[in-house]
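# Chain and residue survey
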Amino acid sequence: MSIEIRDIGKRFGDFVALDGINLTIPTGELVALLGPSGCGKTTLLRIIAGMESADTGQVLFAGEEATHLHVRERQVGFVFQHYALFRHMTVFENVAFGLRVKPRRERPAEAEIRRRVMELLGLVQLDWLADRYPTQLSGGQRQRIALARALAVEPKVLLLDEPFGALDTQVRKELRRWLRRLHDEVHISSVFVTHDQEEALEVADRVVVMNRGRIEQIGTPDEVYSNPASPFVYRFLGDVNVFHSRLQGVWAEIGRPPSGGAAAASAGSGGAAAEGGIAAPVATDDDAALAFVRPHDIDIVRAPQAGALQATIQDVHAIGPSVRVELAHESELIEVELTRERAEILALRKGEQVWLSPRQVRVFAVPSGGEEFVSGSGI
Amino acid sequence: MKPRHSALAEPPIVRIALTTLALLFLAFFLGLPLLSVFAEAFAAGVPAYLRALADPEARSAVILTVIVALGVLPLNIVFGVAAAWVIAKFEFRGKAALITLIDLPFAVSPVVAGLVFVLIFGAQGLFGPWLMAHDIKIIFALPGIVLATLFVTFPFIARELIPLMQAQGREEEEAAISLGASGWQMLWRVTLPNIKWGLLYGVILANARAMGEFGAVSVVSGHIRGETNTLPLHVEILYNEYNQVGAFAAASVLAMLALVTLLAKTAVEWRMRRETAMLSAELSPERVPAPASGRTAGATHPSAERP
């Protein structure tokens, strides 16, 4: 069943939780609502579920008005961050709950309930835990039971609120792969909320990036990562080096494709990619612009070359599969991520002078008074 | 020099002295009175004790006390659960005022509480003439006693349930509703099972108070022998008439009630502690069985996280 959200707005007192949200979720897709805490993603999910009511706007299920439907009538399965399993019931009874509370004439017979529940427990690979109580399960097992319970009533839509938020890293990684496989099996329209960009990018068909009650970008994981629509998305999805206007002069001095720079400067807040390997966005007189370069989009070279920026190595850390190099250019700190192989070839040492050659740069013009962009850039 | 067991423990002599002091205090102020109640009750022998209890007035006092408790507790359970549920699970204007109001019976002297009902329902009270005209008796009758008892015992159940329900949150109830349960189904299958021990605890305390209440009931009952005398009032009357054996025999019934209450309370507390321990038990960091592909995870995206 497709979900359509039209111009949804919600306030809590003076706080605007959601501001004119428009979103369409096609049938069978797994969509991630991604954003920092307080961005409104959970509120949006609860509005879709009917647990919260919107101040303005509409929710449509399969093209039909559902804004005022009660949670009970929406046929949504909801999975909570802290599982919300019924603590006084066994795993079996938890999963059977949705079937047992059906009106008498719709309620399946006891044998049928037993069959369905065991089938679902098989689906989440936990049929051997049927007689346990929730407190006797690990976090990952509880969340899978919660999922089985939600699926028992054959919902048209599955909504998951930070489903892996309370689990530790290893379990989280395995569970999200498992969720992806499960979704490919049952193929039910699903929306899950997360603040973990890696989780959203790995699991979802499409990612909706939210910030301050608004949608910043909607796109496939690849689109939002490699083609962020706004400085916020750039910063939120992975690390990024941000070069302020005053630094742009330096970039311009070294590499100078003036046309790309002009395009960038006139691009407005939407931003425009400065095409061509070595981008040197010349902001000319419009100095309020930011250039974004991902740490792994910068190469370190030993010899000066066109468009490269001279810098001094401050520190070199090996972090897991990659090597992070911190460099100083004048007073600015730049972070570069290299593969281990590349780092071994370069054999970088503290205090060395090297040149930085960016592979991909993106420039966003800052709207006047755009304090949001200027603050906390990390560079 | 002898090493101490722990840097934080007091020297043994201090510990022994403090413990002895506490035990002596308990024996003197709790144990001794309790013993003396039974000693006085049986002072004239077991047959006299049984005769005193078999007295029609004593029997009717016991029966009335039980009736009052049976009338008060169901109402208190309904009001207490409803009030606690609303306070614990919803945000609304005037919530603080409602909590204060629930505590009012604890703050007000029971005598004042009794007087309030006399002022409202008494012959000279607000509704007095109307009640008289319709021949309804509230003050100096059973309804008045039930009302006064209801008032003084109201906070016990709500007070016990509010923190419990707050700790449990709304998620399980939301889950039940999203699975298609009706409001009643949610109440019977999720809300009540989750609070049953806390509720029982509150009921035990409220019951003890309902059966033992003196002040408020004394004001509204009118002390009509064999009719509106509850057990505590009966004790007072007999005592004032120098009927030592009768007074203490009745008092011994109340004392036994207290002992039963304590036992029940301890049993429920023990159950509750076990349940809370189960709920707050740390999750073992158990791994999900590895997926069929068996690949161990490395970051799939080379995105370094920076807070």
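Basis of the calculations
- Residues numbered from 1 in each chain as written.
- Chains lettered and ligands numbered in written order.
- Predicted model: local features only at pLDDT ≥ 70, side-chain atom pairs only at ≥ 80, totals over all residues.
- Heavy atoms only, no water.
- Helix = DSSP H or I, 4+ residues; strand = E, 2+ residues; numbered from the N terminus.
- Buried < 20%, exposed > 50% of the residue type's maximum accessible area, 1.4 Å probe, protein only.
- Contact = heavy atoms within 4.5 Å.
- Pairing = 2+ DSSP bridges.
- UniProt positions renumbered as here; feature names shortened; annotations may be inferred.
- 1 Å grid on protein atoms, 1.4 Å probe; cavity = no way out; pocket = protein on both sides within 12 Å on 5 of 7 lines; lining within 4 Å.
- Points joined across faces, edges and corners; volume = space filled by probe spheres on them.
- Nonpolar A, V, L, I, M, F, W, Y, C, P; charged D, E, K, R; others polar.
- Phe/Tyr/Trp six-rings, centres within 6.5 Å; stacked < 30°, edge-to-face > 60°.
- Salt bridge = Lys/Arg side-chain N within 4 Å of Asp/Glu carboxyl O.
- Axes fitted to C-alpha atoms, helices over the stretch in contact; angles between N-to-C directions.
- pLDDT = per-residue confidence, 0-100.
- Expected span 1.5 Å × (residues − 1).
- Core = buried A, V, L, I, M, F, W, Y, C linked by side-chain atoms within 4.5 Å.

### Looking at the overall build of chain A
Each helix and strand counted, chain A has 13 helices and 19 strands in total. For chain A, the proportion of its 379 residues judged to be buried stands at 56%. Sequence-distant contacts in chain A: of pairs separated by 6 or more residues, those separated by 24 or more amount to 69%.

### Overview of the pairing of strand β4 (residues 56-61) of chain A
All names here are of chain A. Note that strand β1 (residues 3-12) and β4 share five bridges and pair antiparallel. Bridge pairing links Arg6 to Gln58 in β4. Where β4 folds back onto strand β5 (residues 64-65) in an antiparallel hairpin, the turn is made up of two residues, including Ala62, whose phi is positive at roughly 50°.

### Notes on the UniProt feature "transmembrane region" (unreviewed entry) in chain B
Residues and elements named next belong to chain B. With numbering matched to this structure, UniProt assigns "transmembrane region" (unreviewed entry) to residues 62-88, 100-126, 138-158, 199-224 and 244-264. Within residues 62-88, the helical portion is 100% and the strand portion 0%, while the C-alpha atoms at the span's ends are 37 Å from each other. Overall, residues 244-264 shows 100% helix and 0% strand. The separation of its end C-alpha atoms is 30 Å.

### Some remarks on the UniProt feature "domain: ABC transporter" (unreviewed entry) in chain A
Summarizing the sequence annotation, UniProt attributes the feature "domain: ABC transporter" (unreviewed entry) to residues 3-237 of chain A in the numbering used throughout. Taken end to end, residues 3-237 of chain A is 37% helix and 26% strand, and its two terminal C-alpha atoms sit 25 Å from one another.

### A few points about empty space enclosed by the protein
All names here are of chain A. Scanning the model with the defined rule gives four cavities of 30 Å³ or more in all. What lines the largest cavity is simply Val79, Gly140, Gln143, Arg144, Leu147, Leu160, Pro163, Phe164, Leu175, Trp178 and Leu179. Secondary structure elements with two or more residues in the lining of the largest cavity: α5 (139-152) and α6 (169-186). When residues in the lining of the largest cavity are grouped by element, the largest group, four residues, is from α5. Residues belonging to the lining of the largest cavity are distributed by class as follows: eight nonpolar, two polar and one charged.

### Examining the packing of aromatic side chains
Tallying each qualifying case throughout the model produces 12 aromatic pairs over all chains. For the ring pair Phe232(A) and Phe236(A), a centre distance of 5.5 Å and an interplane angle of 15° mean the geometry is stacked. Taken together, the residues Phe232(A) and Phe236(A), both in helix α9 (residues 231-236) and four residues apart, mark about one turn of the helix. Judged by its relative accessible area of 13%, Phe232(A) is buried. Overall, the relative accessible area of 18% leaves Phe236(A) in the buried class. Ring geometry for Phe106(B) against Phe156(B): centres 5.2 Å apart, planes inclined by 80°, an arrangement best described as edge-to-face. Separated by 50 residues along the polypeptide, Phe106(B) in helix α4 (residues 95-107) and Phe156(B) in helix α7 (residues 142-168) bring together distant segments of the chain. By way of ring pairs, the aromatic residues Phe25(B), Phe28(B) and Phe29(B) are connected into one cluster.

### So, the pattern of salt bridges
Should the charged atoms of two oppositely charged side chains come close, the side chains can pair. A full pass over the atoms with the stated rule returns 32 salt bridges over all chains. Notably, a salt bridge pairs Arg115(A) with Glu119(A), separated by 2.8 Å at the nearest N-O pair. Taken together, the residues span about one helical turn, with Arg115(A) and Glu119(A) both in helix α4 (residues 110-123) at a distance of four residues. A residue is classified by how much of its surface remains accessible, and Arg115(A), at 43% relative accessible area, is partly exposed. Judged by relative accessible area, Glu119(A) falls into the partly exposed class, the value being 49%. Notably, a salt bridge pairs Arg170(B) with Glu173(B), separated by 3.0 Å at the nearest N-O pair. Residue classification places Arg170(B) among the partly exposed residues on the basis of a relative accessible area of 25%. When its relative accessible area of 2% is taken as the criterion, Glu173(B) is described as buried.

### Structural notes on the sheet that holds β1(A)
Residue and element names in this part refer to chain A. In spatial order, the strands read β2-β1-β4-β5; together these four strands make up an open sheet with antiparallel pairing. This sheet does not close on itself; its edge strands, each paired only once, are β2 (15-25) and β5. In the sheet, β1 pairs with β2 via seven bridges, with the strands oriented antiparallel. The partner of Ile8 across the bridge, within β2, is Ile21. Set on the sheet, helix α1 (residues 41-49) makes contact with β1, β2 and β4; between it and β1 the angle comes to about 120°.

### Quick word on the UniProt feature "domain: ABC transmembrane type-1" (unreviewed entry) in chain B
When the UniProt feature table is mapped to this numbering, "domain: ABC transmembrane type-1" (unreviewed entry) covers residues 62-269 of chain B. In residues 62-269 of chain B, the share of helix is 80% and the share of strand is 0%. The end C-alpha atoms are 28 Å apart.

### A look at the confidence of the model for chain A
Residue and element names in this part refer to chain A. Residues at a pLDDT of 70 or more form 84% of chain A, whose mean pLDDT is 80. Scored below 50 in pLDDT, residues 245-286 makes 69 contacts in the model with residues more than four places away or belonging to other chains. Low confidence marks residues 368-379, where pLDDT is under 50. Its contacts with residues over four positions away, or in another chain, come to 25 contacts.

### A look at α6(A)
Residues and elements named next belong to chain A. End to end, α6 covers 25 Å across 18 residues, agreeing with the expected 26 Å (1.5 Å per residue, within 8%). In this structure, the buried residues of α6 make contact with β3 (30-34), α4, α5, β7 (157-161), β8 (189-194) and α7 (197-203). Within two residues after α6, His187 carries a phi angle of roughly 55°, on the positive side.

### Some details on the sheet that holds strand β17 (residues 332-339) of chain A
All names here are of chain A. Read from one edge of the open sheet, five strands run β14-β18-β15-β16-β17, paired in antiparallel fashion. The two strands at the open ends of the sheet, each matched to only one other strand, are β14 (298-301) and β17. Neighbour-to-neighbour, the strand axes of this sheet turn through a mean angle of 45°, independent of strand direction. By the bridge criterion, seven bridges tie strand β15 (residues 309-319) to strand β16 (residues 322-329) in an arrangement that is antiparallel. Looking at the pairing, Ala318 lines up with Val323 of β16.

### Considerations on the nonpolar core
All names here are of chain A. Val95, Val117, Leu121, Ile145, Leu147, Leu158 and Val207 are the most contacted members of the largest nonpolar core, which totals 50 residues. Of the residues forming this core, the biggest block, seven residues, is contributed by α5. In terms of nonpolar packing, the next biggest core, distinct from the first, is built from 42 residues, Ile5, Ile8, Val59 and Val157 among them.

### What to know about unusual backbone geometry
All names here are of chain A. In this model, Asp7 sits at a positive phi of 55°, which is unusual for a non-glycine residue. Following the sequence through the fold, Asp7 ends up in strand β1. Looking at Asp7, the relative accessible area reads 45%, which means it is partly exposed.

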